[in-house]
Amino acid sequence: MAAHRFDDTLDVRFRLRAVHVGVGLSVICGLVIAAYAAATWDRPHRPALLAVAVGAILLGAAAERLPWASIARSRIAELAFVTWSALLVVVLALAAGLDGGIHSPLTFALFLPLAYVATSYPTRSVLTVGAVDLLAVAVLVVVADEVPWQDAAAVAVLLALGAVLCVWQARNHARRQADLARVSRADALTGALNRHGLRERLDGELSAADRTARPLALVLVDLHDFQAVNETQGHDAGDELLQWTANRLRELLRPSDALGRTGGDEFAIVAPTAGREEAELIAARVTAALSERTRASIGIAAFPQDASTPAGLQAAADTALLQARTSGQGDGRDLGWAAALAQAIDLRLAVSSDHSGGVGRLAVELGGRLGLRDDDLSDIRLAGALHDIGKSAVPDDILTRPGRLDETELLAVRRRTREGAELVRRVPGMERVADWIGASLEHWDGAGYPDGLAGERIPLPARILHVADAFDALTHPRPYRDGVGPDDALREIEHHSGTQFDPAVVRALAEVVAAGVTR
């Protein structure tokens, strides 16, 4: 589903930077006109020309004060940008008209708005501003005295050629932006959407489903044999299995469905207009098709039955997937009790979001940026989902208490964290996940718990979990406090970078926040 041009966060940021350049262009043009008027004060209309120069400067100052961030996301975005550029053309044409029309050297300033819009506006807007420019030249020819037609034609043709080049540049820029957008939203190995691309697609399809009162399903697919293939046959064989899986899934999907790779060995399918029954049919086809080479677990969530938000659908599908891993489809790691405990902790904390799942998803995002292997990403998501299970034995009055805990209460919480890690360790194949959970309260400077590990002695996945847990907790409300925005949470975590948190992980978090993919 095509999204409105200005809904893209990166595009909005680009256009906002372009606004500042345009403001600078208006002010500089005004200063140049003012200097020219002062240097030619003995010629006619200099006070009026100086007034136009002041007008150009005021136009830039007024534009700087407009709420461009909101405008850029609105339906009138392109109209606002084109209007501003057209006003600058009018101001420059007025200055040239006061200075003698087409004979004035200020006529050449009309090329500046055209060059500016070619670097930051879509093709249609460049054509509009180019047309306004040519109209301004025609007016300047009319107001000038005795302009030879050859001179007027030369200026008009040169400006038209400039407009053609600018339109070409705008189209070339748009194509390049589209190519970059596709690359930034695609998984390089499989060609499926990456986590960011899939999240955008899910947001858009869910919004459409809500508007049209149609169902939508999210289907998660987790491969069981990927890690074993990696370990016994090498990473090339593991990569080939992932590519085969993606191609096989594409063969099963409808044109309207979207396929994404959300983790090392995990795929997701967004199925518009599919209810739970249709999603179960998709799951059955996927299981049968992949059984040629690998076992798989499937988790399904349907809108509106299971959730009405992207985060809610993801959480419901995650829970279903975790339960599926234990129901006979699984890989021998009995985690049904763990999934139930993780859900229970979130309920006891009275959080309105899926904290455990959110920590796991953010940990995967951070781990991917820090170079973790695919099998590590699969396990760190699991560690994030299970990191709080030890808190099941912490009394409610401690678990939800505002403010700092005393030493006795703090020791109780820390002890339960270690006990939770030991619970996970009892499950065959979960030893390193348990290690990461157990070390997730260690501090970079060695002041953490339980073993006082510092720096690189703390496993990288544990350092990632520590940051992901803190960020998710800060950005979501608790009964005793409100949540804060991503930027405020990032600033708080950056304040403790190098003491509590690994600076490299904090830098990765800053990249994730800047990209707008923190949830």
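My aim in this report is to walk through the structure given alongside it, one point at a time. From a predicted model like this one, the values you see are computed outputs, not experimental measurements.

The rules behind each value
- Residues numbered from 1 in each chain as written.
- Predicted model: local features only at pLDDT ≥ 70, side-chain atom pairs only at ≥ 80, totals over all residues.
- Heavy atoms only, no water.
- Axes fitted to C-alpha atoms, helices over the stretch in contact; angles between N-to-C directions.
- Helix = DSSP H or I, 4+ residues; strand = E, 2+ residues; numbered from the N terminus.
- Parallel < 35°, antiparallel > 145°, perpendicular 65-115°, else oblique.
- Contact = heavy atoms within 4.5 Å.
- Expected span 1.5 Å × (residues − 1).
- Buried < 20%, exposed > 50% of the residue type's maximum accessible area, 1.4 Å probe, protein only.
- Arc of directions from axis to C-beta.
- Patch = residues over 30% accessible without salt bridge, like charges linked within 9 Å, V, L, I, M, F, W, Y side chains within 5 Å.
- Areas by Shrake-Rupley, 256 points an atom, 1.4 Å probe, with all protein chains shown as cover.
- Salt bridge = Lys/Arg side-chain N within 4 Å of Asp/Glu carboxyl O.
- Polar contact = N/O pair within 3.5 Å; in protein donor to acceptor, adjacent residues only side chain to side chain.
- Pairing = 2+ DSSP bridges.
- Core = buried A, V, L, I, M, F, W, Y, C linked by side-chain atoms within 4.5 Å.
- Left-handed = near helix turned anticlockwise from the far one by under 90°.
- Phe/Tyr/Trp six-rings, centres within 6.5 Å; stacked < 30°, edge-to-face > 60°.
- Lys NZ or Arg CZ within 6 Å of the ring centre and 35° of its normal.

### Considering the packing of helix 5 (residues 111-120) against helix 6 (residues 123-143)
Contact geometry for helix 5 and helix 6: axes closest at 9 Å, N-to-C directions at 175°. Classified by the angle their axes make, helix 5 and helix 6 are roughly antiparallel. Here Leu114, Val117 and Ala118 of helix 5 come into contact with helix 6, specifically with Val126, Val129, Gly130 and Asp133.

### Observations regarding helix 2 (residues 46-64)
Spanning 19 residues, helix 2 covers 27 Å between terminal C-alpha atoms, matching the ideal 27 Å at 1.5 Å per step. Residues Arg46, Leu49, Val52, Ala53, Ala56, Leu59, Gly60 and Ala63 constitute the buried set of helix 2. Looking down the long axis of helix 2, one finds its buried residues gathered within 130° of arc, a one-sided arrangement. Every exposed residue of helix 2 that faces more than 90 degrees away from the buried side is listed here: Pro47 and Leu58.

### As for helix 12 (residues 310-324)
The terminal C-alpha atoms of helix 12 lie 21 Å apart, and with 15 residues this matches the ideal 21 Å at 1.5 Å per residue to within 8%. Those residues of helix 12 that fall on the buried side of the exposure criterion are Leu313, Gln314, Ala315, Ala317, Asp318, Thr319, Ala320, Leu321, Leu322 and Ala324.

### Re a nonpolar patch on the surface
A surface patch of nonpolar side chains, amounting to about 500 Å² of accessible area, comprises Phe108, Phe111, Val157, Leu158 and Leu161. Sorting elements by how many residues they give to the nonpolar patch places helix 7 (residues 149-184) first, with three residues. Tracing the backbone through its elements, the reader meets Phe111 in helix 5. Among the residues examined, Phe111 registers a relative accessible area of 30% and is labelled partly exposed.

### Quick word on the environment of His387
Tracing the chain through its elements places His387 in the loop between helix 15 (374-386) and helix 16 (396-399). Residues His387 and Ala421, spaced 34 residues apart in sequence, show a C-alpha to C-alpha distance of 7.6 Å. With residues near it in sequence (within four places) discarded, His387 still touches His355, Ser356, Val359, Ile437 and Asp469. Here Gly384 takes part through its backbone oxygen, which lies 2.6 Å from a polar atom of the side chain of His387.

### So, the side chain of Asp376
Inspection of the secondary structure assignment puts Asp376 in helix 15. By relative accessible area, which is 10% here, Asp376 ends up buried. With residues up to four places along the chain from it excluded, the contact list for Asp376 reads Arg432 and Trp436.

### Description of the pattern of salt bridges
Within the structure shown, the criterion is met by 23 salt bridges. Close ionic contact of Arg46 with Asp99 constitutes a salt bridge, the shortest N to O distance being 2.7 Å. With Arg46 in helix 2 and Asp99 in the loop between helix 4 (77-98) and helix 5, this residue pair connects regions lying 53 residues apart in the sequence. By relative accessible area, which is 2% here, Arg46 ends up buried. Here the salt bridges share partners, and the residues they tie into one network are Arg195, Arg199, Glu365, Arg369 and Glu511.

### Topic: the sheet that holds strand 3 (residues 266-272)
Spatially, the four strands line up as an open sheet ordered 2-3-1-4, and their pairing is antiparallel. Strands at the two margins of the open sheet, each flanked by one partner only, are strand 2 (258-261) and strand 4 (296-303). This sheet shows a mean twist of 15° between the axes of neighbouring strands, independent of strand direction. As paired strands, strand 1 (residues 216-223) and strand 4 are joined by eight bridges and run antiparallel to one another. Each bridged residue has a counterpart across the sheet, and for Val221 the counterpart in strand 4 is Ile298.

### A closer look at the nonpolar core
In this structure, Leu49, Trp68, Trp84 and Leu110 are the most contacted members of the largest nonpolar core, which totals 42 residues. Those elements that place two or more of their residues in this core are helix 1 (9-39), helix 2, helix 3 (68-71), helix 4, helix 5 and helix 6. In terms of residues, this core owes the most to one element, helix 4, which gives twelve residues. Setting aside chain neighbours within four positions, we find Trp84 in contact with Val19, Gly22, Val23, Ser26, Leu59, Ala63, Trp68, Tyr116 and Tyr121. Leu362, Leu366, Ile437 and Leu490 belong to the second largest nonpolar core, which has 37 residues in total.

### Side note on the pairing of strand 1
Taking burial as the measure, the eight residues of strand 1 include eight buried ones, the bulk of the element. Of the two faces of strand 1, both are covered, the one formed by Leu216, Leu218, Leu220 and Asp222 as well as the one formed by Ala217, Val219, Val221 and Leu223. Where strand 1 and strand 3 come together, seven bridges link them in antiparallel fashion. Pairing of Ala217 across the sheet is with Ala271, part of strand 3.

### Remarks on the environment of Leu223
Note that Leu223 resides in strand 1. In this structure Leu223 comes out as buried when scored by relative accessible area, which is 1%.

### Comments concerning the packing of helix 15 against helix 19 (residues 460-474)
Interhelical geometry of helix 15 versus helix 19 gives an angle of 45° and a closest axis separation of 11 Å. Relative to helix 19, helix 15 is oriented oblique. Two packed elements cross with a definite hand, and for helix 15 against helix 19 that hand is right-handed. From helix 15, Ile380, Ala383 and Gly384 reach across to helix 19, where they touch Pro461, Ile464 and Leu465.

### Describing the packing of aromatic side chains
Counted under the stated rule, the structure contains three aromatic pairs. Here the aromatic rings of Trp68 and Trp84 are separated by 5.5 Å at their centres, their planes lie at 35°, and the arrangement is tilted. Here the residue Trp68 occupies a position in helix 3, and Trp84 occupies one in helix 4, the gap between them amounting to 16 residues. An identical accessibility class is assigned to Trp68 and Trp84; each is buried. Feature note: the residues Trp68, Phe81, Trp84 and Tyr116 constitute an aromatic cluster, connected by ring pairs. For Arg293, the ring lying beneath its charged end belongs to Trp244, and the centroid distance is 5.2 Å.

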